[in-house]
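A look at the structure
Chain residues, written in single-letter form:
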Amino acid sequence: MTQARHFDLLIRGGTVIDGTKAPRFDADVGVTAGRIAAIGDLSGCTAADTIDATGRIVAPGFIDAHTHDDQALFSDAGMDFKVSQGVTTVVVGNCGISAAPLKPGMDLPMPLSLIEAPPERRYTRFRDYLDALKATPSALNVAAMVGHSTLRAVTMSDLNRPANEAEIAAMQAHVQEALDAGAIGMSTGTFYPPAAKATTEEIIAVGQPLTAKGAVYVTHMRDEADKVMEALDETFRIGKALGIQVVVSHHKVQHPRNFGNTRKTLAFIRETMQQQRVCLDCYPYTAGSTMIRSDQGMLDGKVLIASSTPHPECAGRDLADIAAEWGVDRHEAAKRLQPGSAIYFMMDEQDVRDILAFDQTMIGSDGIPLGDKPHPRLWGTFPRVLGHYSRELGLFPLETAVWKMTGLTAHNFGLQGRGTIAEGQAADLVVFDPERIIDRASYADPKQPAAGIDAVLVNGALTWQQGRHLGTRRGQVLSRTAP
Ligand code: ZN
Ligand code: CU
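Sequence order as written defines residue numbering, which begins from 1 separately in each chain. All chains are assigned letters beginning at A, and all ligands numbers beginning at 1, according to the order in which they are written. Reporting of local features is limited, given that this is a predicted model, to residues whose pLDDT is at least 70; pairs of side-chain atoms are given and counted only at 80 or more, and all residues count toward the totals for whole chains, interfaces and linings. The side-chain quantities take in all heavy atoms of the structure and omit both hydrogens and water.

With water omitted from the atoms examined, metal sites may look incomplete; donors here are N, O and S atoms no farther than 2.8 Å from the metal, or 3.2 Å in the case of Na, K and Ca. Protein coordination at the copper ion (ligand 2) comes from His-66 (NE2), His-68 (NE2), Cys-95 (SG) and Asp-366 (OD), with a distance range of 2.1 to 2.3 Å. Metal-centred angles of 86 to 164 degrees between the four donor atoms at the copper ion (ligand 2) mark the site as irregular. Sequence spacing among the residues donating to the copper ion (ligand 2) works out to H-x1-H-x26-C-x270-D. A spacing of 3.0 Å is found between the copper ion (ligand 2) and the zinc ion (ligand 1), which share Cys-95 as a donor. Here the residue His-68 occupies a position in the loop between strand S6 (62–64) and helix H1 (72–75), and Asp-366 occupies one in the loop between strand S16 (361–363) and helix H14 (377–392), the gap between them amounting to 298 residues. Square planar and octahedral assignments, for four and six donors respectively, both demand that opposite donors be over 155 degrees apart and that all other angles lie between 65 and 115; tetrahedral needs four donors with all angles between 85 and 135 degrees, and anything else is irregular. Each helix is a run of DSSP H or I of at least 4 residues and each strand a run of E of at least 2, with the numbering of both proceeding from the N terminus.

Below you can see the structure in the form of structure tokens.
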């Protein structure tokens, strides 16, 4: 029994899963001045505010390892689609795309426009973007990366070739500026047209400033289908040349002919982990989502249109039905629907399970906060891992599931003071019902908050409670402490 103390907020009677993978234990959690002040039997203590967590799990707030929320943090600052899942921190700037640096009037080639860029929020320097986030906090903490495709678009006159020396120097200067301002790393998206012509050497050269800072290199790889092993090899070579941690984004193996190849990719990742710092993230669905592409490989399976600028009425519809209605093939229909975003059913459930269950895999939603019919991962990722994959399927214990979205992620991204429940840690906390937690967002009805989340605290401030956003905006900009 701890000596009687007074806290700002006391979570009483819950079972703590602390984000380290350690077994759960019963304890009260006291919060003061935005931090976890005490853990244990606090029954003699008082508090300004109390949450009854009887029968509930108290866990660190979830960290979404992979998001495209760069601009939603301003335009949708409540961030309901993430807070409602128990998320308290988002990592932005993924897949080579970031909100900065941009030029005021420049055109944004797809997929850069997957994150909005209204005239009043076009930041020419990364520092301006982070300053704006600090000046107008959202409900969530954010750790930001600078995107290589964005750097190419802002630096190069022609994206259909490798960068020349002057362009590489200019991109390097932007990376340095971003890191000095507080970016935690750089991402690439060589899968996408704006960076498809970038060579391995270009990426290593542009990434030079990452080394001294011990920043991360995060990648949507050049190929996640037939040539996924070559793409992994390139990723590891870049990480090795720069001497930094690499993150393989939303790891997957696409197309039926490649199903089962996660046996090879995961073995390769595991083996490389012995020699250099490698980690990966994954979302718990067999469909992906990105810009509308018309290349045949992407259109092999079922495709749902998520948003379309020329045909907004097509959101939520099957591409095959639209094509039939228009009397054209799917390839032509996809072209007419561009620019926009779509959902592609292209993975094998067993592969998804094997990647999720791989011990070092972090959970990242890759949600795209755009349009009326987004991929359900935007609203459902974390409760789906906890409720469906851990509880219903028994893929791993709840302690492991929580670790994959808290302690492991904070460690890999160097987010010190986050991701675990311990005295002195930031009070990013979620209280949930382990028997009831589940995603309710579906492909047909994707904007549904999860069930089973009681309360979410961000930096000690109650932000979501019993299905309601409290309007709290207490998010901070987080920096990286290199391990
Ligand atoms: Zn991606
Ligand atoms: Cu992404």
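Once you've had a look at it, read on.
Further remarks concern the pattern of salt bridges. Here a salt bridge means any side-chain nitrogen of Lys or Arg lying within 4 Å of a carboxyl oxygen belonging to Asp or Glu. Per the stated rule, a full pass over the model turns up 25 salt bridges. Its salt-bridge partner being Glu-234, residue Arg-222 comes within 2.8 Å of it at the nearest N-O pair. Linking Arg-222 in the loop between strand S10 (216–220) and helix H9 (228–242) with Glu-234 in helix H9, this pair joins segments that are 12 residues apart in sequence. We call a residue buried when its accessible area falls under 20% of the maximum for its residue type, exposed when it is over 50%, and partly exposed in between, using a 1.4 Å probe and counting protein chains only. On the accessibility criterion, Glu-234 (9% relative accessible area) is buried. The partner of Arg-237 in a salt bridge is Asp-233, and the shortest N-O contact between them spans 3.8 Å. Here Arg-237 and its partner Asp-233 are both found in helix H9, four residues apart, which amounts to about one turn of the helix.

Here we come to the packing of aromatic side chains. When we look at a pair of aromatic rings, we describe it by the centre distance and by the angle of the planes. The rule is short: rings of Phe, Tyr and Trp, with Trp giving its six-membered ring, pair when the centres are within 6.5 Å, and they are stacked under 30 degrees, edge-to-face over 60, tilted in between. A full pass over the atoms with the stated rule returns 11 aromatic pairs. With 6.0 Å between their ring centres and 40 degrees between their planes, Phe-74 and Tyr-123 make a pair best called tilted. Placement of the pair is Phe-74 in helix H1 and Tyr-123 in the loop between strand S7 (87–92) and helix H3 (126–135), with a sequence separation of 49 residues. As far as the burial class goes, Phe-74 and Tyr-123 line up, both buried. For the pair Phe-74 and Tyr-129, a centre-to-centre distance of 6.0 Å together with 70 degrees between the ring planes defines the contact as edge-to-face. One end of the pair, Phe-74, is in helix H1; the other, Tyr-129, is in helix H3, and 55 residues separate them in sequence. Judged by relative accessible area, Phe-74 falls into the buried class, the value being 16%. Residue classification places Tyr-129 among the buried positions, given a relative accessible area of 0%. Members of the aromatic cluster, joined through ring pairs, are Phe-74, Tyr-123, Phe-126 and Tyr-129.

With that settled, the discussion passes to the domain arrangement of the chain. Parsing the chain into structural domains produces domain 1 (6–59 + 424–437 + 448–469), domain 2 (61–294 + 344–413) and domain 3 (295–343). Note: domain ranges come from an automatic or database domain assignment. Distance between the C-alpha centres of domain 2 and domain 3: 25 Å. Contacts between the two partners involve 20 residues from domain 2, matched on the other side by 25 residues from domain 3. Summed over both partners, the accessible area (1.4 Å probe) lost when two parts come together is defined as the buried area. Together domain 2 and domain 3 conceal approximately 1,800 Å² of surface at their shared face, both sides included; 65% is due to carbon and sulfur atoms. Here domain 2 is connected to domain 3 by zero salt bridges. As used in this structure description, the phrase polar contact means that two N or O atoms lie within 3.5 Å; if the pair is within protein, one of them must be able to donate a hydrogen and the other to accept it, and residues adjacent in sequence are counted only when both atoms belong to side chains. For the pair domain 2 and domain 3, the number of links is six residue pairs in polar contact (both at pLDDT 80 or more). In this analysis, two residues are considered to be in contact whenever any of their non-hydrogen atoms come within 4.5 Å of each other.

On to the pairing of strand S19 (residues 461–465), then. The buried fraction of S19 is high, at four of five residues. A pair of strands is considered paired only if DSSP assigns at least 2 bridges between the two. Hairpin connection, strand S18 (residues 453–458) to S19: the antiparallel pair is bridged by two residues, and Asn-459 has positive phi, about 50 degrees. Looking at chain direction, S19 and strand S20 (residues 468–469) are connected through two bridges and run antiparallel. Within S20, the position partnered with Trp-464 by the bridge is His-469. Taking the residues that link successive antiparallel strands as the turn, the S19-S20 hairpin has two residues, and the phi of Gln-466 there is positive, at about 45 degrees.

Okay, the coordination of the zinc ion (ligand 1) next. Every protein donor of the zinc ion (ligand 1) is listed here as Cys-95 (SG), His-220 (ND1) and His-250 (NE2), and their distances to the metal cover 2.0 to 2.2 Å. Sequence positions of the residues that donate to the zinc ion (ligand 1) give the spacing C-x124-H-x29-H. Taking the relative accessible area as the measure of exposure, Cys-95 reaches 3% and is therefore buried.

This part is about empty space enclosed by the protein. Using only the protein atoms, space was sampled on a 1 Å grid; points where a 1.4 Å probe fits but cannot get out form cavities, open sets with protein on both sides within 12 Å along at least five of seven lines form pockets, and lining residues are those with an atom within 4 Å of a point. Grid points are joined across faces, edges and corners, and a volume is the space filled by probe spheres set on the points. Taken as a whole, this structure holds five cavities of 30 Å³ or more when the rule is applied. Of the pockets and cavities examined, the largest cavity occupies roughly 130 Å³. Around the largest cavity, the lining comprises 20 residues; the ones closest to its centre are Tyr-192, His-220, Ser-289, Thr-290 and Asp-366. Sorting elements by how many residues they give to the lining of the largest cavity places strand S13 (residues 287–291) first, with three residues.

Attention now goes to helix H12 (residues 330–337). Those residues of H12 that sit buried are Ala-333, Ala-334 and Leu-337. The arc that holds every buried residue of H12, seen down its axis, measures 100 degrees, which confines them to one face. Buried residues along H12 sit against strand S14 (303–308), helix H11 (319–326) and strand S15 (340–345). Throughout, the arc means that of the directions going from the helix axis to the C-beta atoms.

In this structure, Arg-121 sits in the loop between S7 and H3. At 2.7 Å, the side chain of Arg-121 forms a polar contact with the side chain of Gln-71. With near-sequence residues (within four places) excluded, Arg-121 lies in contact with Gln-71, Phe-74, Ser-75 and Glu-116.

With their axes 10 Å apart at the nearest point, helix H4 (residues 148–155) and helix H5 (residues 165–181) run at an angle of 125 degrees to one another. Classified by the angle their axes make, H4 and H5 are oblique. The crossing of H4 and H5 is right-handed. Contacts between H4 and H5 pair His-148, Leu-151, Arg-152, Val-154 and Thr-155 from the former with Glu-167, Ala-170, Met-171, His-174 and Val-175 from the latter. For this classification, Asp, Glu, Lys and Arg are treated as charged, while Ala, Val, Leu, Ile, Met, Phe, Trp, Tyr, Cys and Pro are nonpolar and the rest, including Gly, are polar. In the contact of H4 with H5, the residues fall into five nonpolar, three polar and two charged. Axis lines are fitted through C-alpha atoms, for helices just across the contact stretch, and the angle between N-to-C directions can take any value from 0 to 180 degrees. Here is the rule for angles: anything less than 35 degrees is roughly parallel, anything more than 145 is roughly antiparallel, 65 through 115 is roughly perpendicular, and the remaining ranges are oblique. Helix crossings get a hand from a simple test, with the near helix turned counterclockwise from the far one by less than a right angle marking a left-handed crossing and a clockwise turn marking a right-handed one.

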